[in-house]
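# Observations on the three-dimensional arrangement
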Amino acid sequence: MAEAVVSMVIEGLKPLGNLVIQNAMLLQGVGDQVELAQSELLLMRSFLKDADERQEDDEVVRFWVKVVREAAYDLEDVIESFVLNLDLKRGGSMKIVFKRYACIWNEGVHRYKIGSEIESITTKLSKLRLTMQNYDIKQRKGNEGASSFARQRERRLTYAHISDDHDVVGIGKEVEKLSTYLVEERSRRIVSIWGMGGLGKTTLAKKVYNHEKVKSYFKYFAWICVSQQFEGIAIMKEIFIKLSGASDEQRKEIAELKSDEIAERLYNFQRERKCLVVLDDIWTLDGWNSLKGAFPVNEETNSRIILTTRNEELSSIAKENGLSYGSQALSDYDSWNLFRKIAFSEADETDSRIKSRKEEVGRDMLRQCAGLPLAIIVLAGLLSRKHTVGEWEIVHENVDVHIRRGTDIDREYTGHKYGGVLWILALSCENLPYRLKLCFLYLSHYPEDYEISVKQLIYFWMAEGFISSTSSVMSEDIAYSCFSELVARCMIQVGQIGLTGKIKTCRLHDLMRDMCILKAEEENFFHVANFSTRTRTNETQVGRVRRLAIYLDKEDQLVPARRDDHLRSLIYFSPQDFQPIWSKHVIRSVFNDLKLLRVLKLEDMLGLKKLPSTIGNLVHLRFLGLKRSGINHFPSSVANLVCLQTLDLRYRNTKMIEIPNVFGKMEQLRHLYLPRRSKTVQGQLALGKLQTLVNVEWGGFDLNSLVELTNLRKLFISETTAETNPWKNLEEILKSSSLVFLHLRSLSVVFGPSWDIVVLKFRFVYKLQLAGSIEKLPEGLSSFPNLSKLTLSHTYLMEDQKEILEKLPQLRALYFLGRIFSSLTSDTLVCTNGGFPNLEFLCLERSTNMTELRVEEGAMPLLRRLRIDFCETLRAVPEGLQYVANLKELTVKFMPSEFCRRLGEGGEDSHKIKHVPSVSITGTEFRDMADNRRAERASRRTWGCL
């Protein structure tokens, strides 16, 4: 791992070191010191590959490796701080600073300080290298750590762990049995799935939860990961919100309920309906006892509960009125089938001799996995990237070392010790290229079962310097390639997948996270302060803390972050709507003392009302995340953050906030998210690298800058607040430019009267959102080659524009928000035969004039998902829906009782949806309550008039 850190530092120092070296004449000796330090790191790296492998069995070598790692970090800190401090004083480019301040630096004070610090670190590295022979550490040639982006593009990646039918082996009968049990057994209301970690309890529960028979029987669903919760009342509220589909207003009402009140509501809701609740990863009987009062387990009801747990004792609650199912390891036959499907390639089938030898070696290794599905998947994923018999045999030798206690694996799991599996997972980590090791270990700071945003994770990696780019390939693309490789190695679980096939969210399996944390602790890589459980990892760590994650719950008050001049990442995980008190001590600890911070994430903190002006001291900052915070003041000192790559200001502001012109010097800025209600002071953005520009308001933006944003991938344009309409000027600017935004993938525009030319300049987008009162869609929209997702919001189109929509060739998702068509014949929208040939998802939300939707036979043949949400005037589900044979999911939210009644058993519309496996109806109760309150208010107003 130290080899990975040193390699990253070497690459990070190249641009900084070269700049110092090029100006060595002005700095008189500092350049020589930097060059010597870089050379020492290069010499050290070739020995560290051997040392990294040996440190596990040799405590002295382990300590030696830690000292080398810390020295490499220190060298990077010294040189980067030196160059940035120069840059802050100059007002011009890096090259100008050396000329402008040559007289100051020639005085020798600062030169001597930086030179002596570099010399001290270099001397330490040199002495460490000379002591290697005492530990018999040998030099290794070659660069195993270089991850090739070109090779990544050539090879089509497969995700072996995705729970498709062809990857799930040995549980088909169990899934069918449990699904049938839930639907047909009237007196049994609980299914408990128990077993040790890694046996696939959650996978089995998900298969049952999504089974066609289960989806068609139950009407209300909630999946809760109990391990994320710390109070029974919080879990009950979350279950009730998911079952009922509560709106934001109703969530606030639920949040005020006491424990007995929410338990009674949840109890009655389930008793009277067909609900399925999954409590995933519940650990103790005390945990269940705090919840059982909210479940009608001892009454006749159609609702059911599924529990997954590692505690066999807890499964006993299902023995009296349910089914207790103990997960078992896979048989030798199923283990081999799972292993073979992942590890072997098509090429292996063409050479019987190679296939035979791989089977022999593979079966021998497979015995060490003891039938644990996760262990098999990880090992097979590792071998799938080894193409020769020799590579398999090398892995086989390492497996014997790393899983040396495999024959006693049952004993190893006593007391929840997952040593055997962790050895397999550790082997997978050790075989990663150096850059992927750093990327993987960064996942250790996420809480258990956290839904990780892939985009934000990539931003973190880039801010930390894990990702380097070339002029021809974007850093984001390289980072996503690294992420995809981790997925392909079965080290990350896939969550949501977007329309373009890119992964949007991911998770770490519990055991994989355990191993990741173990490695991070060993390497002093990341540290966690968990105030929810009042625990902290690594209290006895060796070396400085450079990355810190802080877990908070709603009962916590902020305490000052650990003061460490070398901290690089400070990431807070807090509940939404968290309102802690930001005392002067806390503000100072974050914004004054941590001068080397690169990543600062302060999301979901409504208690943070203003940023102090001292934030401008964090000149190393690359990522600043303030999403969903309560900021109402934005200091101009942010302009000092010249290294920022990502700035997320999508905080919850109820009033207009003025953003000063702070972006002009941010030459590294790549992703800028502005608040929805903000006015940006007129000014020009740093242009060269900007890829994301969200909620920009044209009245506060230099329109001439738009044509220079050639790397834009995502652009969200807010409605202008300027006194004069800027659209005419924008149209003229774009007409005078031959530029077409080739890289743009997502565009959202609130349009004025002149806008066709704007959209046509962005014709290569995949996602397009049009809002505002318009009559016609853009000319040429049907020729957009990539358009797969279209959102129309309050557009008031002429009815003949529907024909254009129906013929869009690549359209896969269509959102209608609000009133879309200005007039409809008899208030009816008809989807004609052959229309929407590739549409897979249709959403109707808050329609105010559509009373009927008809689908002719042959329309929307590929539609799989239909969502109807708060459409006040829609009387029934679409007529002709029965012809849409591929429809798999119908979601109805906040619709009137009469609408939902027609869908029920025996209802007038039940025949339209009898072929749909999954029908979810939520929020009806709250919609009726809202309607009643609205009627009462109207009645009071009427009596008041009389």
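Please read these numbers as outputs of a predicted model, since none were measured by experiment.

Before going further, it helps to spend a moment on the overall build of the protein. Looking only at helices and strands, the protein features 33 helices and 30 strands. Expressed as a percentage of the 946 residues in the protein, the buried residues total 56%. Considering only residue pairs separated by 6 or more positions, the protein has 63% of its internal contacts joining residues 24 or more positions apart. Summed over all atoms, the accessible surface of the protein reaches about 41,400 Å², with 48% contributed by carbon and sulfur.

Counting through the fold element by element, Val694 comes out in strand β19 (residues 692-697). According to the relative accessible area criterion, Val694 is buried, its value standing at 5%. In this structure, Val694 is in contact with Leu672, Tyr673, Leu674, Lys714 and Phe716, ignoring residues within four places of it in sequence.

If you trace the three strands from one edge of the open sheet to the other, you get β6-β8-β7, paired in antiparallel fashion. The open sheet is flanked by β6 (452-453) and β7 (493-494), the only strands paired with a single partner. Pairing of β6 with strand β8 (residues 505-507) involves two bridges; the strand directions are antiparallel. By the bridge assignment, Ser453 is partnered in β8 with Thr505.

Summed over the entire model, instances satisfying the criterion amount to 25 aromatic pairs. Relative to Phe573, the ring of Tyr551 has its centre 5.7 Å away and its plane inclined at 80°; by these criteria the two rings are edge-to-face. A residue pair is termed long-range when its members are at least 10 positions apart, and Tyr551 in strand β11 (residues 547-551) and Phe573 in strand β12 (residues 569-573) qualify at 22 residues. An identical accessibility class is assigned to Tyr551 and Phe573; each is buried.

The subject of this paragraph is the packing of helix α17 (residues 332-343) against helix α18 (residues 352-366). At a minimum axis distance of 11 Å, the contact between α17 and α18 shows a crossing angle of 125°. The orientation of α17 with respect to α18, classified from their angle, is oblique. In the packing of α17 onto α18, the handedness of the crossing is right-handed. Within the contact between the two elements, α17 uses Ser335, Trp336 and Phe339 and α18 uses Glu359, Gly362, Arg363 and Leu366. Taken together, the residues that form the contact of α17 with α18 break down as three nonpolar, two polar and two charged.

What follows covers α17. The first and last C-alpha atoms of α17 sit 16 Å apart over twelve residues, in line with the 16 Å expected at 1.5 Å per residue. Of all the positions in α17, only Asp334, Ser335, Trp336, Asn337, Leu338, Phe339, Ile342 and Ala343 are classed as buried.

Most of strand β20 (residues 714-718) is tucked away, with four of its five residues classed as buried. Where β19 lies against β20, four bridges are found, and the strand directions are parallel. By the bridge assignment for β20, Val696 is matched with Ile717. Looking at chain direction, β20 and strand β21 (residues 746-750) are connected through four bridges and run parallel. Looking across to β21, one finds that Leu715 is bridged to Leu747.

Where side chains of opposite charge bring their charged atoms close, a pairing between them can arise. Per the counting criterion, the structure on display carries 30 salt bridges. Arg357 is the salt-bridge partner of Glu393, the closest N and O atoms lying 2.9 Å from each other. Residue Glu393 is located in helix α20 (residues 389-402), and its partner Arg357 is located in helix α18; the two are separated by 36 residues in the primary sequence. Exposure remark for Arg357: the relative accessible area of 30% places this residue in the partly exposed category. Here Arg865 and Glu889 are joined by a salt bridge, their closest N and O atoms 3.9 Å apart. Within this pair, whereas Arg865 is found in strand β28 (residues 865-869), its partner Glu889 is found in strand β29 (residues 889-893), the two being separated by 24 residues in sequence. For Arg865, a relative accessible area of 40% puts it in the partly exposed group. Judged by relative accessible area, which is 30%, Glu889 ranks as partly exposed. A single salt-bridge network, built from bridges that share partners, covers Glu879, Glu898, Arg901, Arg902, Glu908, Asp909 and Lys912.

Moving on to the sheet that holds strand β2 (residues 220-225). With parallel pairing, five strands are arranged side by side in an open sheet as β2-β3-β4-β1-β5. Each of the sheet's edge strands pairs with one partner strand only, and the pair in question is β2 and β5 (322-326). With direction set aside, neighbouring strand axes in the sheet form an average angle of 10°. Across the face of the sheet, helix α12 (residues 232-244) comes into contact with β2 and β3 (275-280) while running at roughly 145° to β2.

Right, let's talk about the side chain of Arg568 for a bit. Tracing the backbone shows Arg568 in the loop between β11 and β12. Residue Arg568 is classed as buried on the basis of its relative accessible area of 0%. Every residue in contact with Arg568, bar those within four places of it in the chain, is listed here: Tyr73, Glu76, Asp77, Glu464, Arg546, Leu596, Leu597, Arg598 and Val599.

With that settled, the discussion passes to the nonpolar core. Ranked by internal contacts, the top residues of the largest apolar core, which has 103 residues, are Leu570, Leu600 and Leu715. Within the second largest apolar cluster, 55 residues are counted, among which are Tyr442, Leu443, Val487 and Phe573.

Before going further, it helps to spend a moment on the confidence of the model for the protein. When pLDDT is averaged across the protein, the result is 77; 73% of the residues are at 70 or more. Ignoring residues within four places in sequence, the model shows residues 142-166, a span with pLDDT below 50, making 49 contacts including any to other chains. Within the model, the stretch residues 536-542 combines pLDDT values under 50 with 16 contacts to residues more than four positions away or in other chains.

Glancing now at the packing of α17 against helix α19 (residues 373-383). Their axes nearest at 8 Å, the elements α17 and α19 cross at an angle of 30°. As summarised for this structure, α17 and α19 are arranged roughly parallel, according to the angle between their axes. Taken as a pair, α17 and α19 cross one another with a handedness that is right-handed. Every residue of α19 that contacts α17 at Ser335, Leu338, Phe339, Ile342 and Ala343 is listed here: Pro373, Ile376, Ile377, Leu379, Ala380, Gly381 and Leu383. Residue classes in the contact of α17 with α19 are distributed as ten nonpolar, two polar and no charged.

Unlike most non-glycine residues, Arg846 shows phi in positive territory, near 55°. Topologically, Arg846 is positioned in the loop between β26 (841-845) and β27 (852-855). Of note, Met860 is a non-glycine position whose phi angle comes to about 45°, a positive value. Within the secondary structure, Met860 sits in the loop between β27 and β28. Judged by its relative accessible area of 1%, Met860 falls in the buried class.

Relative to the helices and strands, Leu862 is located in the loop between β27 and β28. On a C-alpha basis, the gap between Leu862 and Phe841 in space is 8.8 Å, while along the polypeptide they are 21 residues apart. Beyond its immediate chain neighbours, meaning those up to four positions away, Leu862 contacts Pro837, Asn838, Leu839, Glu840 and Asn886.

Let's shift gears to a positive patch on the surface. Taken together, the side chains of Lys455, Lys502, Lys504 and Lys767 present a region of like positive charge at the surface. Within the fold, Lys767 resides in strand β22 (residues 767-771).

To continue, consider the environment of Glu185. With respect to the helices and strands, the residue Glu185 is situated in the loop between α9 (172-184) and β1 (190-194). Between the C-alpha atoms of Glu185 and Gly322, which are 137 residues apart in sequence, the distance is 9.0 Å. The residues touching Glu185, leaving out its near neighbours within four places in the chain, are Thr180 and Arg304.

Before going further, it helps to examine the pairing of β12. The buried fraction of β12 amounts to five of the five residues, a majority that puts the element mostly inside the structure. Of the two faces of β12, the one carrying Ser569, Ile571 and Phe573 and the one carrying Leu570 and Tyr572 are both buried. Strand direction decides the pairing type here: β11 and β12, joined by five bridges, are parallel. Bridge pairing links Arg547 to Ser569 in β12.

Definitions and limits used
Residues numbered from 1 in each chain as written. Predicted model: local features only at pLDDT ≥ 70, side-chain atom pairs only at ≥ 80, totals over all residues. Heavy atoms only, no water. Helix = DSSP H or I, 4+ residues; strand = E, 2+ residues; numbered from the N terminus. Buried < 20%, exposed > 50% of the residue type's maximum accessible area, 1.4 Å probe, protein only. Contact = heavy atoms within 4.5 Å. Areas by Shrake-Rupley, 256 points an atom, 1.4 Å probe, with all protein chains shown as cover. Pairing = 2+ DSSP bridges. Phe/Tyr/Trp six-rings, centres within 6.5 Å; stacked < 30°, edge-to-face > 60°. Axes fitted to C-alpha atoms, helices over the stretch in contact; angles between N-to-C directions. Parallel < 35°, antiparallel > 145°, perpendicular 65-115°, else oblique. Left-handed = near helix turned anticlockwise from the far one by under 90°. Nonpolar A, V, L, I, M, F, W, Y, C, P; charged D, E, K, R; others polar. Expected span 1.5 Å × (residues − 1). Salt bridge = Lys/Arg side-chain N within 4 Å of Asp/Glu carboxyl O. Core = buried A, V, L, I, M, F, W, Y, C linked by side-chain atoms within 4.5 Å. pLDDT = per-residue confidence, 0-100. Patch = residues over 30% accessible without salt bridge, like charges linked within 9 Å, V, L, I, M, F, W, Y side chains within 5 Å. Lys, Arg positive; Asp, Glu negative; His and termini not counted. Charge placed at Lys NZ, Arg CZ, Asp CG, Glu CD.

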